[in-house]
Amino acid sequence: MTKTTNARKLTISKAMAEALGEAMDSDERVFLMGEDIGKLGGAFGNTAGLYDRFGAKRVRDTPISETGFIGAAVGAAACGMRPVVELMFVDFFGVCMDAIYNLAAKNAYFSGGAQPVPMVLMSAIGGGYGDAGQHSQTLYGTFAHLPGMKVVAPSNAYDAKGLMHAAIKDDNPVIYLFHKALHGLAWLGTTPGSITHTPAEPYEVPLGKAAVLREGSDVTIVGLSWPVHLALAAAEDLAGQGVSAEVIDLRSLVPLDKECVLNSVRKTGRLVVVDDDYQSFGVTGEIIAIAANEAFGSLKAAPQRVAHPDIPVPFARPMEQFALPNKDKIVASVHATL
Amino acid sequence: MTKTTNARKLTISKAMAEALGEAMDSDERVFLMGEDIGKLGGAFGNTAGLYDRFGAKRVRDTPISETGFIGAAVGAAACGMRPVVELMFVDFFGVCMDAIYNLAAKNAYFSGGAQPVPMVLMSAIGGGYGDAGQHSQTLYGTFAHLPGMKVVAPSNAYDAKGLMHAAIKDDNPVIYLFHKALHGLAWLGTTPGSITHTPAEPYEVPLGKAAVLREGSDVTIVGLSWPVHLALAAAEDLAGQGVSAEVIDLRSLVPLDKECVLNSVRKTGRLVVVDDDYQSFGVTGEIIAIAANEAFGSLKAAPQRVAHPDIPVPFARPMEQFALPNKDKIVASVHATL
Amino acid sequence: MEPDASQQLAMYKKMVTSRQYEDAIQGAYFEGKLPNFNMANGPIPGEMHLSSGQEPCAAGVCAHLTNDDYVSATHRAHHIAIAKGVDLERMTAEIFGRVSGLSGGRGGHMHLFDTNVNFMSSGIVGEGIAPAVGAALSFQMRGLPHVAVAFIGEGAANQGAFHESLNLAGLWKVPFVCIIEDNSYGISVDKKRSTAVPRNDVRAAGYNMPGIYIENNDPLSIYAAAGEAIDRARKGGGPSLIEIETFRLTGHFTGDPETYRPEGEKESITKRDALPLMRERMIKNDVAAVADIEAAEQSASETVARAIAFARAAPEPAPEEALNMVFV
Amino acid sequence: MEPDASQQLAMYKKMVTSRQYEDAIQGAYFEGKLPNFNMANGPIPGEMHLSSGQEPCAAGVCAHLTNDDYVSATHRAHHIAIAKGVDLERMTAEIFGRVSGLSGGRGGHMHLFDTNVNFMSSGIVGEGIAPAVGAALSFQMRGLPHVAVAFIGEGAANQGAFHESLNLAGLWKVPFVCIIEDNSYGISVDKKRSTAVPRNDVRAAGYNMPGIYIENNDPLSIYAAAGEAIDRARKGGGPSLIEIETFRLTGHFTGDPETYRPEGEKESITKRDALPLMRERMIKNDVAAVADIEAAEQSASETVARAIAFARAAPEPAPEEALNMVFV
Ligand SMILES: Cc1ncc(C[n+]2csc(CCOP(=O)(O)OP(=O)(O)O)c2C)c(N)n1
Ligand SMILES: Cc1ncc(C[n+]2csc(CCOP(=O)(O)OP(=O)(O)O)c2C)c(N)n1
Ligand SMILES: [Mg+2]
Ligand SMILES: [Mg+2]
């Protein structure tokens, strides 16, 4: 991540739209489908301006038929196109999961590699603004668990643009998850750290390479998407307490940059995993298991995790805030490793 | 598990049908829906004989409309019924996951407990007989990750019957997963250990209590469903090599009997988790993370796992067998902990 | 089936309560959210979908329902909840995320459940249809004379769940009615760009049930058509599909700038607002005296004010309460 | 649109190849699985769904397609694959799980992909419809004169995916044809107990497309109706839905005891088998000489024998090959 200070700062939303526009400019096969992505520019602004630039044929509003249009994307991809589709909220995956995990994700395998499925499915994740249990989930663990799709979740605009380009270029289906708390829309509020310098030219951030956002020697804090900003804030607090925390942004779950995590754990001997997904059978378990299995000898203390408890995302503010990961929980978890 | 030797041995399939029949006899509110569960008795025999006994109204064949009939079960449950529905293969969850995870699993929460959803969703899991990537998955990790449903997977007929009774009595949605390799149908072949003594009377096996199938002192092997039979076979081999393995059958993932696992790990200091689901972000990771987090001081070696690799289930026999967990992989993993 | 004078006044009262309620919620919703609109702030966080303009659909249909009849509603549920008789104080407390809310604040505006009147709503488009069919099935199996009604938007008629549920209903001939509130938009996408046919009533033929289209958002025609369909369902005559032309007088969500609307549309649909039209007609046709109408309006605003006051006075839930009721 | 003599013979040849193929596969499938039928054993493990009886649907439709046209098929795909021109040797090797199979043995009988002829199949009911609509969309967007055809069973017409896909096709007027092979069963459940209406062609009206029902499994009527629909689609006239009455002469899967069939049904549908009927008719109407027919039959059995021999001779894949092609 090259981040110069005085520069072209974009929100993730704008960075995504920019990448989409560039990709459509340079490759006729790229087109977009989704609900309200046309005139409206997408519920989250990801296609803002693209309808006017590329027209209704390449920026297609769809009916509320997720199985239909995601399945259609697979067929279009099989016939030479490179569709990017938007599933408005990831919480809606339940109405179209077959088209995602059994169709898009497996056709390459079922065809012995003869029929790749170059498509991107972008979707909004996360809560924190009171949208309750069917509009606030992250669910990336669910996609990452099932084979055949890459799963990325950028934490800032620079990555968002570069990962989008890489996702579109990839010949495999990529689930691209953008977090509402980072998206840069006024009506959602935005974590300032997500608004970063973003070059005006197309570039790629490779899928499957984690980033060390902050170096440290006492403990490794691992996360992706919104939680890495909480981890950075916690690291700042910890520094004041004399604890040196290394913060890793996984950037993608599939492929997973195991080596980056293991190298850090081998150095620090302590691990805290932070997640905004449900705790059990998900991301935190996997990262801890990898560390326990492959860096057992380096671990100086029990690895800890901070994740959403195994409850639906509650609506009322006190309950939702109680459930979300936050800086203090991370700091406390780090202390538990010391 | 009371298992006497000379006794009423049933297959899991027969044990399920028996439990369903008993439940329907004693509770008018219990009724069944699913594809081919009527005259045919279910693709896997789980409703054999029930159509003749209870008629087409209480043993309802459905169209191939999983979202429709699972959603309908939720509404029926809200209006005083206790439906048991069959999703023929768990692999089909993608066409109806919204009705499962966003509707059935969350209505109790969304109603503050006022509208429980007493329903059972039974579904076939597992491969090993060449049915390929859309008919051989287990996917229990996916259900267990998402809040609001209990998830059980019996390894033998005794448990199958008792867990079915407990599931039907439970006021929450229960995902009841039966493994094809254990089911006792001639056309699928059956692991003999799954055919056990099964009392002729109704009884319950509580949801959320693991079973120690074999006591041991050197290593803990944890699994559920079909893999526990592999674990038992491995333990037998290991005994011949002077290694004493404890084998735990989780029986349910939600609720999860953490204490049973932790007690064993605290005793043996070594852990191998065996699973027939995809490896990453699933069951093996969770169990290892729990042990690493809560029994760190007791662990003498890196915990190991044996699971399905992160690939679709391949069709051809050599490739499918390569991917499946087996006794030798477990033995090797145990050796890696010694 | 014509509503008599008292029924018309009762419908009008439901409608006016609903409209005043939406206005009050809108006011409360914007508290703390302006000048820079941020959904996370104020006494009511999250999205808010108001039903202003669509009241006739709810009032005309629910006039035929008892507490035992089952209703599933959508993300845009307030008018339906009010017409169905959901406890307005607890519903409002829920929308404000308070402990006395219907679910103690766990669900919020998109997840309203009142088991006393067999009402549910949800935030996933099309998700409520199958549960209503299942409720109808349970009535049929138990020989009860109740019916189940699913309210959806015209956008939801393109979801697979719609198709599967209507086929089940038609196949099993359960006492079920599907009401499509055709406000011509799914968020920003108008029906022409989402639906292959101009009217969804034609789809009923694919499910072996009558399909009716009602133009003009007219409470009396809605009352009549729904009455017939519900009656038929109650008597074992099977399900029906009714699509109603209605108007969403506000944005998809509160705060929606509605830039996608064609010029003049807002004005033209506002002129067709059923509330003043019904009021006028009742007066003109001597269905109700002005005094009665004003009394109804007065009572509506008291009801609404009480509900809002109840919600505001209710305490917030304890944070750890979040952990309860995942399982019962 | 009448098929001329050579077209009829060509169709017959496809049909007879398909039938002989299914017979050969059935023979191979039972190897090692008897006397106690166990799916895991033998040279072809897993489920097997044969298409015997349904050949006219595939032959009549695919007669109008080129390699560029896209076809998606179901779990019961062999007749369609053969009619579409899928490489039969590699397909058979796939079914036997061999390294020279279409996917190197990864997919098996339910997952047949031949990109040379734009063919796919899948094991989830209704899953192939949307991809065909998407293929059609890509043809439309790129101005290509190709069409996409989804074959499904009558049982699949009750899946949500059917509804969503057909609405998309009708809305976007893409060059798409949906063929429903109505063999009157979804496994053991007959159409009367799964579908609210007797015929799915009536559902086309809900998607703004023509709906055609063809009785009697007749190759010539299928050829004619499909020809018209495909032609219209190719010329930009939009999609169509065609349902065909056909007969599944075997079990749902090979080994199915078919206890759910009413008495006498098997005999009566066997009498209506299109293969001998077409043969007779061609002879009676002087469409083809007996010698030509016999030559076609002979050539069919050679083709089938070659395919089976190719598969048996092909090596099994290396176990670790399982790890490749998850990502490309
Ligand atoms: C399955 C699903 N897809 C998309 C959405 C996002 N969404 C919420 S409301 C809505 C529009 C619904 O339109 P309609 O059914 O006509 O109801 P209306 O909003 O007009 O009342 C959409 C697309 C959703 N909640 N669920
Ligand atoms: C979504 C889904 N549900 C259920 C099944 C199991 N299943 C496989 S084939 C079949 C019957 C299909 O009937 P139909 O569509 O009429 O096709 P046919 O078998 O008659 O060719 C069923 C229920 C499945 N594969 N996918
Ligand atoms: Mg609408
Ligand atoms: Mg059929």
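Residues numbered from 1 in each chain as written. Chains lettered and ligands numbered in written order. Predicted model: local features only at pLDDT ≥ 70, side-chain atom pairs only at ≥ 80, totals over all residues. Heavy atoms only, no water.

### Examining the packing of aromatic side chains
Part 1 of the argument: A full pass over the atoms with the stated rule returns 26 aromatic pairs over all chains.
Part 2 of the argument: Considering the side-chain rings of Phe93(A) and Tyr101(B), the 4.8 Å spacing of their centres and the 55° angle between planes classify their relative orientation as tilted. With Phe93(A) in the loop between strand 4 (82-89) and helix 4 (97-104) and Tyr101(B) in helix 4 (residues 97-104), the pair connects residues from two separate chains.
Part 3 of the argument: With relative accessibility at 0%, the residue Phe93(A) sits in the buried group.
Part 4 of the argument: Plain terms: the ring middles of Phe30(D) and Phe37(D) are 6.1 Å apart, the flat faces sit at 65° to each other, and that makes the pair edge-to-face.
Part 5 of the argument: Exposure remark for Phe30(D): the relative accessible area of 23% places this residue in the partly exposed category.
Part 6 of the argument: Ring pairing ties together the aromatic residues Phe44(A), Phe89(A), Phe92(A), Phe178(A), Trp187(A) and Phe253(C), which thus form one cluster.
Part 7 of the argument: Positioned above the aromatic ring of Trp172(D) is the side chain of Arg60(A), whose terminal nitrogen or guanidinium carbon lies 4.4 Å from the ring centre.
Part 8 of the argument: The positively charged end of Lys329(A) is found above the aromatic ring belonging to Phe322(A), 5.9 Å away from the centroid. (Phe/Tyr/Trp six-rings, centres within 6.5 Å; stacked < 30°, edge-to-face > 60°. Helix = DSSP H or I, 4+ residues; strand = E, 2+ residues; numbered from the N terminus. Buried < 20%, exposed > 50% of the residue type's maximum accessible area, 1.4 Å probe, protein only. Lys NZ or Arg CZ within 6 Å of the ring centre and 35° of its normal.)

### Digging into the site of ligand 1
Part 1 of the argument: In the vicinity of ligand 1, 21 residues are found, and the nearest of them are Glu66(A), His75(C), Arg76(C), Asn183(C) and Tyr185(C).
Part 2 of the argument: Residues close to ligand 1 are split across chains A and C.
Part 3 of the argument: In the environment of ligand 1, an oxygen atom lies 2.9 Å from a nitrogen or oxygen atom belonging to the backbone of Gly155(C).
Part 4 of the argument: Within the backbone of Ala156(C), one N or O atom sits 3.1 Å away from an oxygen atom of ligand 1.
Part 5 of the argument: With the chains in place, 97% of the 580 Å² that ligand 1 exposes on its own is no longer accessible.
Part 6 of the argument: Of the residues that constitute the shell around ligand 1, the class distribution is 8 nonpolar, 9 polar and 4 charged. (Near = heavy atom within 4 Å. Polar contact = N/O pair within 3.5 Å; in protein donor to acceptor, adjacent residues only side chain to side chain. Areas by Shrake-Rupley, 256 points an atom, 1.4 Å probe, with all protein chains shown as cover. Nonpolar A, V, L, I, M, F, W, Y, C, P; charged D, E, K, R; others polar.)

### Focus: the pairing of strand 14 (residues 304-308) of chain B
Residues and elements named next belong to chain B.
Part 1 of the argument: In terms of burial, strand 14 is a largely internal element, 5 of the 5 residues being buried.
Part 2 of the argument: Of the strand pairs in this sheet, strand 13 (residues 271-278) and strand 14 are connected by 4 bridges, and their pairing is parallel. Bridging across to strand 14, Val272 finds its partner in Gln304.
Part 3 of the argument: For the crossover that starts at strand 13, traverses helix 10 (residues 283-294) and ends in the parallel strand 14, the hand is right-handed. (Pairing = 2+ DSSP bridges. Right-handed = clockwise from strand over helix to strand, strands pointing away.)

### Description of the interface of chain C and chain D
Part 1 of the argument: Opposite the 22 residues of chain C that make contact, chain D presents 22 residues.
Part 2 of the argument: Of the roughly 1,600 Å² buried where chain C meets chain D, counting both sides, 53% is carbon and sulfur surface.
Part 3 of the argument: A per-residue breakdown of the area chain C buries against chain D is headed by His163(C), Leu171(C) and Ala196(C), which together make up 33% of the total.
Part 4 of the argument: Where chain C packs against chain D, one counts 0 salt bridges.
Part 5 of the argument: Between the two partners, chain C and chain D, sit 14 residue pairs in polar contact (both at pLDDT 80 or more).
Part 6 of the argument: Residue composition of the side of chain C that touches chain D, by class: 8 nonpolar, 10 polar and 4 charged. (Contact = heavy atoms within 4.5 Å. Buried area = accessible area lost by both parts, 1.4 Å probe. Salt bridge = Lys/Arg side-chain N within 4 Å of Asp/Glu carboxyl O.)

### A look at the coordination of the magnesium ion (ligand 3)
Residues and elements named next belong to chain C.
Part 1 of the argument: Distances from the magnesium ion (ligand 3) to its protein donors, Glu154 (OE), Asn183 (OD1) and Tyr185 (O), fall within 2.1 to 2.2 Å.
Part 2 of the argument: Counting along the primary sequence, the residues that act as donors to the magnesium ion (ligand 3) give the motif E-x28-N-x1-Y. In this pair, Glu154 sits in the loop between strand 3 (148-153) and helix 6 (160-172) while Asn183 sits in the loop between strand 4 (176-182) and strand 5 (185-186), placing the two residues 29 residues apart along the sequence. Each member of the pair, Glu154 as well as Asn183, carries the same accessibility label: buried. (Donors = N, O, S within 2.8 Å, 3.2 Å for Na, K, Ca; no water.)

### Focus on the relation of the copies chain B and chain A
Two copies of the chain are present, and they differ by a rotation about an axis and a shift along that axis.
Part 1 of the argument: Superposing chain B onto chain A takes a rotation of 180° combined with a translation of 0.0 Å along the rotation axis, leaving an RMSD of 0.0 Å. What the superposition gives is, in effect, a two-fold axis relating one chain to the other.
Part 2 of the argument: When the interface residues of chain B are mapped onto chain A, 100% of them again fall at the interface, so both copies present the same face. (Least-squares fit on C-alpha atoms with pLDDT ≥ 70 in both.)

### Here we look at the domain arrangement of chain A
Residue and element names in this part refer to chain A.
Part 1 of the argument: For chain A, the assigned domains are domain 1 (3-197) and domain 2 (211-337).
Part 2 of the argument: For domain 1 versus domain 2, the separation of C-alpha centres amounts to 25 Å.
Part 3 of the argument: Buried surface at the junction of domain 1 and domain 2, summed over both partners, amounts to about 2,000 Å²; 57% is from carbon and sulfur atoms.
Part 4 of the argument: Scanning the region where domain 1 abuts domain 2 turns up 1 salt bridge.
Part 5 of the argument: Close ionic contact of Arg251 with Asp159 constitutes a salt bridge, the shortest N to O distance being 3.1 Å.
Part 6 of the argument: Here domain 1 is connected to domain 2 by 16 residue pairs in polar contact (both at pLDDT 80 or more).
Part 7 of the argument: Among the elements of the structure, helix 6 (140-145), strand 6 (150-152) and helix 7 (157-169) are those that each provide at least two residues to the side of domain 1 that touches domain 2.
Part 8 of the argument: Of the residues forming the side of domain 1 that touches domain 2, the biggest block, 4 residues, is contributed by helix 6.
Part 9 of the argument: For the side of domain 1 that touches domain 2, the class distribution of residues is 14 nonpolar, 15 polar and 2 charged. (Domains from an automatic or database assignment.)

### Quick look at empty space enclosed by the protein
Part 1 of the argument: Counting across every chain of the model gives 12 cavities of 30 Å³ or more.
Part 2 of the argument: The space that makes up the largest cavity amounts to roughly 310 Å³.
Part 3 of the argument: Taken together, 35 residues form the lining of the largest cavity, with Thr67(A), Val95(A), Thr67(B), Val95(B) and Glu164(D) sitting closest to its centre.
Part 4 of the argument: Those elements giving two or more residues to the lining of the largest cavity turn out to be helix 3 (66-78) and helix 4 of chain A, helix 3 (66-78) and helix 4 of chain B, helix 5 (129-141) and helix 6 of chain C together with helix 6 (160-172) of chain D.
Part 5 of the argument: Empty space within the second largest cavity amounts to approximately 60 Å³.
Part 6 of the argument: Residue lining of the second largest cavity: 13 residues in total, with Ala73(D), Thr74(D), Ile124(D), Gly126(D) and Gly128(D) positioned closest to the centre.
Part 7 of the argument: Looking at the lining of the second largest cavity residue by residue, the classes come out as 5 nonpolar, 7 polar and 1 charged. (1 Å grid on protein atoms, 1.4 Å probe; cavity = no way out; pocket = protein on both sides within 12 Å on 5 of 7 lines; lining within 4 Å. Points joined across faces, edges and corners; volume = space filled by probe spheres on them.)

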